[in-house]
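Below, each chain spelled out in residue letters.
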Amino acid sequence: MKKIRIWVNSFNLMQQFLLVAFLTISASIYFYIGFFNSSVDQFVDTQMYSYLHRYQSAMAAYGNSALVLDGNVDSFIYNLEERRYITAIPEEYAKAIELVDPYCGSAVVDGSFHLNNQKYVYSIMPYGNAFSIVTFVNGDYYLSYQDALQNGVFNTALAIIFALFSFFMVWVFSIMTPLNKIKIFIDRLKNDERAKLDIRRHDEIGEVAEALVGMNQELDKQKRIREEMIQNISHDLKTPIATIKSYSESIKDGVYPYDSLEKSVDVIIEHADRLEKKVYSLITYNKLGYLTDTSEGENLKMEDVINKAILSVKVLRNDIRIETNFDEEVYFHGEEEPWRVVIENLLDNGLRYARSVVIINLEDGKLEVFNDGDNMSNDRISKLFKPYEKGTKGNFGLGLSIVKKVTEVYGYLVTGENMDDGVVFRITRNFKPKRTNEKKQA
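One structure accompanies this document, and this report is about it. (Residues numbered from 1 in each chain as written. Predicted model: local features only at pLDDT ≥ 70, side-chain atom pairs only at ≥ 80, totals over all residues. Heavy atoms only, no water.)

1. Digging into a negative patch on the surface
- A surface patch of negative charge is lined by Glu 262, Asp 266, Glu 270, Asp 273 and Glu 276.
- Relative to the helices and strands, Glu 262 resides in helix H6 (residues 261-288).
- Given a relative accessible area of 61%, Glu 262 falls into the exposed group. (Patch = residues over 30% accessible without salt bridge, like charges linked within 9 Å, V, L, I, M, F, W, Y side chains within 5 Å. Areas by Shrake-Rupley, 256 points an atom, 1.4 Å probe, with all protein chains shown as cover. Salt bridge = Lys/Arg side-chain N within 4 Å of Asp/Glu carboxyl O. Lys, Arg positive; Asp, Glu negative; His and termini not counted. Charge placed at Lys NZ, Arg CZ, Asp CG, Glu CD. Helix = DSSP H or I, 4+ residues; strand = E, 2+ residues; numbered from the N terminus. Buried < 20%, exposed > 50% of the residue type's maximum accessible area, 1.4 Å probe, protein only.)

Quick look at the structure:
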């Protein structure tokens, strides 16, 4: 069976269709030869007997005048007392039924015999107390009826098979045509050529086509993002590298481009720090591209993670107050290190724009980081989490995109919006937790 399945799977759709058609036709021919003819014979016999019974009933009701009603039936009267036929019967008929006693009592006797390679059907019915009616269907009539029935059924079956074959042929082509379009579309994409796929179907093939078009659009989008990213990286790295190079060459030549040796070296160190942060952000962003969700349930106590992040970033601006409002025992789904990066980036963003305060609110399933800085423009809000979309005081444009990547992996939704007195970034649960942490249950 496995070899047959492998053999069939090696065929293309048209070959599979022709194989099915061949097997169907072969089965139909076998059925016609093996079963159909015998079934037709049985059906014709039944119809002939019914026909003879109706004729005999007419004779019993109307007498011998009914003998001329139908030229396809031969009818004879048998005298039971004298044991002879009142009406003359051909000798071959008499010999054919001589083994059957025309004295049938109250029962009707049906039978058949072959004469001159033709089949004859007869019926014997009691007629009063002293007679029997013996009727035969003419062999030519039997044969013509049988042929008409066989031809009619055969032609009808042939027409149905042809109609089904035509329908399935159209159906197969309706499948093969879009599949060929999809194959050409994929081949062109593989060769990095421009390709268009227009398949208007509402079945699974249409869904696959839509998915492929969507995938192509997403790949084009990612390609543009990569190109923009490379351009932005080149631009961001070019300035500090050029500064470090020019300052170093000047100092080597004994020239201090920024007043004194110490101040000039400080400029080199400052730009080196910028490069270090840039490289760290790029490494973090790239590493998150391979981040997978391997944790179970809500297993991470967020209060501890937030407090560690505050200790890391609060030295950036000593003039900004950081306030916290925590519900007790709040757990999030995920691992500590990615979530700490998220909170540090949100705090870094808040400290950069705040006038006097950054407020962190934590409750079950929700985390908010508020700063009392200026409101964002609508254009800025629409591009908040895109890579390399920097705000007015942004450094590299990667912080919020890192936040978005982590939250999506762990099943949360991050949004940013303007408030009456500032800006808030809100993280909310966007999934049904797998399992509640044992500590939280306790």
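From this point on, the discussion continues.
2. A few points about the side chain of Arg 426
- With respect to the secondary-structure elements, Arg 426 resides in strand S12 (residues 422-429).
- Of the residues examined, Arg 426 reaches a relative accessible area of 17% and is grouped as buried.
- A distance of 2.4 Å separates a polar atom in the side chain of Arg 426 from a polar atom in the side chain of Glu 417.
- Ignoring anything within four residues of it in the chain, the contact list for Arg 426 reads Lys 366, Leu 367, Glu 368, Leu 413, Val 414, Thr 415 and Glu 417. (Polar contact = N/O pair within 3.5 Å; in protein donor to acceptor, adjacent residues only side chain to side chain. Contact = heavy atoms within 4.5 Å.)

3. Topic: the pattern of salt bridges
- Under the defined criterion, the tally for this structure stands at 15 salt bridges.
- Across the salt bridge formed by Glu 329 and Lys 301, the nearest N and O atoms sit 3.4 Å from each other. Here Lys 301 lies in strand S6 (residues 300-301) and Glu 329 lies in the loop between strand S7 (321-326) and strand S8 (331-332), a separation of 28 residues in the sequence.
- Accessibility expressed as a relative area gives 39% for Glu 329, which makes it partly exposed.
- The exposure class assigned to Lys 301 is partly exposed, which follows from its relative accessible area of 25%.
- Within the structure, one salt-bridge network assembled from shared partners comprises Lys 366, Glu 368, Glu 417 and Arg 426.

4. With respect to the packing of aromatic side chains
- Under the counting rule described, the total for this entry stands at nine aromatic pairs.
- Ring geometry for Phe 332 against Trp 339: centres 5.5 Å apart, planes inclined by 75°, an arrangement best described as edge-to-face.
- Residue classification places Phe 332 among the buried residues on the basis of a relative accessible area of 0%.
- By relative accessible area, Trp 339 is classed as buried at 0%.
- A ring pair is formed by Trp 339 and Tyr 412, whose centres lie 5.3 Å apart and whose planes are at 90°; its orientation type is edge-to-face. With a gap of 73 residues between them, Trp 339 in helix H8 (residues 336-353) and Tyr 412 in strand S11 (residues 412-419) connect regions that are remote in the sequence.
- Taken together, the ring pairs connect Phe 332, Trp 339, Tyr 410 and Tyr 412 into an aromatic cluster. (Phe/Tyr/Trp six-rings, centres within 6.5 Å; stacked < 30°, edge-to-face > 60°.)

5. A word on the packing of H8 against helix H10 (residues 399-409)
- In the contact formed by H8 and H10, the axes pass within 9 Å of each other and the chain directions differ by 145°. Where H8 crosses over H10, the handedness of that crossing is left-handed. Touching Pro 338, Trp 339, Val 341, Val 342, Asn 345, Leu 346 and Asn 349 of H8 are Gly 399, Leu 400, Ile 402, Val 403, Val 406 and Thr 407, all from H10.
- Split by residue class, the contact of H8 with H10 holds nine nonpolar, four polar and no charged. (Axes fitted to C-alpha atoms, helices over the stretch in contact; angles between N-to-C directions. Left-handed = near helix turned anticlockwise from the far one by under 90°. Nonpolar A, V, L, I, M, F, W, Y, C, P; charged D, E, K, R; others polar.)

6. Re the sheet that holds S12
- With respect to topology, five strands assemble into an open sheet ordered S7-S9-S10-S12-S11, the strand pairing being mixed. The open sheet has two edge strands with one neighbour each: S7 and S11. If you compare each strand with its neighbour and ignore which way they point, the axes differ by 15° on average.
- Bridge count between S7 and strand S9 (residues 357-363): six bridges; the pairing is parallel. Of the residues in S9, the one forming a bridge with Glu 323 is Ile 359. (Pairing = 2+ DSSP bridges.)

7. So, the nonpolar core
- Formed by 34 residues in total, the largest nonpolar core has its most connected members in Phe 332, Trp 339, Leu 347, Leu 367 and Ile 427.
- Where this core is concerned, the elements lending two or more residues are helix H7 (302-313), H8, S9, strand S10 (366-371), H10, S11 and S12.
- Residues in contact with Ile 427, not counting those within four places in the same chain, are Phe 332, Trp 339, Val 342, Leu 346, Gly 365, Lys 366, Leu 367, Thr 407, Tyr 412, Leu 413 and Val 414. (Core = buried A, V, L, I, M, F, W, Y, C linked by side-chain atoms within 4.5 Å.)

8. Comments concerning a nonpolar patch on the surface
- Judged by side-chain polarity, Ile 160, Leu 164, Phe 167, Phe 168 and Trp 171 come together as a nonpolar surface patch covering roughly 520 Å² of accessible area.
- Assignment of secondary structure puts Ile 160 in helix H4 (residues 139-190).
- A residue is classified by how much of its surface remains accessible, and Ile 160, at 47% relative accessible area, is partly exposed.

9. Considering the packing of H7 against H8
- At their nearest, the axes of H7 and H8 sit 9 Å apart, and the two run at 50° to each other. Taken together, the axis directions place H7 and H8 in an arrangement best described as oblique. Our pair here, H7 against H8, has a crossing hand that is right-handed. On H8, the residues that touch Met 302, Val 305, Ile 306, Lys 308, Ala 309, Ile 310, Ser 312 and Val 313 of H7 are Glu 336, Trp 339, Arg 340, Ile 343, Glu 344, Leu 347 and Leu 351.
- Residues belonging to the contact of H7 with H8 are distributed by class as follows: 10 nonpolar, one polar and four charged. (Parallel < 35°, antiparallel > 145°, perpendicular 65-115°, else oblique.)

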